[in-house]
Amino acid sequence: MGLSINYYGRIENGDYVTVHDFVAEYEDYSYSSPTECQVDGQSVTYEEYQKQMSVVTEGMTFTDTGYFHGTDVWEAMYQN
């Protein structure tokens, strides 16, 4: 089973605080069509999942979302 988890948040007082989490489960590692999607712990359709993720990431660059090792978000998530 494949699993995609995306956390979006901010740094508050030096700590990473999750604002939104997106989880998609797939039957295999092709990541072609999810079997289940959740946004902030609530089950949603894949279409709603994509729509809400687009709203959260609108205007962000790849590094702004925290997936590049040099960002403050990545460092805060993985330093402990």
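Residues numbered from 1 in each chain as written. Predicted model: local features only at pLDDT ≥ 70, side-chain atom pairs only at ≥ 80, totals over all residues. Heavy atoms only, no water.

## Remarks on the environment of Arg10
Stage number 1. Within the secondary structure, Arg10 sits in strand E1 (residues 2–12).
Stage number 2. In this structure, Arg10 is in contact with Asp15, Tyr16, Val17 and Val19, ignoring residues within four places of it in sequence. (Helix = DSSP H or I, 4+ residues; strand = E, 2+ residues; numbered from the N terminus. Contact = heavy atoms within 4.5 Å.)

## With respect to the nonpolar core
Stage number 1. Tyr8, Phe22, Ala24, Tyr26, Cys37, Val39, Tyr49, Met53 and Val56 form the largest nonpolar core, which has nine residues in total.
Stage number 2. Mapped onto this core, the elements with two or more residues apiece are strand E2 (15–26), strand E3 (34–39) and helix H1 (46–57). (Core = buried A, V, L, I, M, F, W, Y, C linked by side-chain atoms within 4.5 Å. Buried < 20%, exposed > 50% of the residue type's maximum accessible area, 1.4 Å probe, protein only.)

## Comments concerning the confidence of the model for the protein chain
Stage number 1. When the pLDDT values of the protein chain are averaged, the result is 76; 71% of them are 70 or greater.
Stage number 2. Taking the mean pLDDT of every element in the protein chain, the minimum, 55, falls on helix H2 (residues 72–78) and the maximum, 97, on strand E4 (residues 42–44).
Stage number 3. The low-confidence segment residues 65–70, where pLDDT is below 50, has 17 contacts with residues more than four positions distant or belonging to other chains. (pLDDT = per-residue confidence, 0-100.)

## Some remarks on a nonpolar patch on the surface
Stage number 1. Together, Leu3, Ile5 and Tyr7 make up an exposed nonpolar region whose accessible area comes to about 250 Å².
Stage number 2. Relative to the elements of secondary structure, Leu3 occurs in strand E1. (Patch = residues over 30% accessible without salt bridge, like charges linked within 9 Å, V, L, I, M, F, W, Y side chains within 5 Å. Areas by Shrake-Rupley, 256 points an atom, 1.4 Å probe, with all protein chains shown as cover. Salt bridge = Lys/Arg side-chain N within 4 Å of Asp/Glu carboxyl O.)

## Things to note about unusual backbone geometry
Stage number 1. Notably, Tyr31 is not glycine yet its phi reads approximately 55 degrees, a positive angle.
Stage number 2. Within the element layout of this structure, Tyr31 appears in the loop between E2 and E3.
Stage number 3. Classification of Tyr31 as partly exposed rests on a relative accessible area of 37%.
Stage number 4. Of note in this structure, Asp40 is not a glycine but carries a positive phi near 55 degrees.
Stage number 5. Structurally, Asp40 is set in the loop between E3 and E4.
Stage number 6. The class of Asp40 is partly exposed, set by a relative accessible area of 33%.

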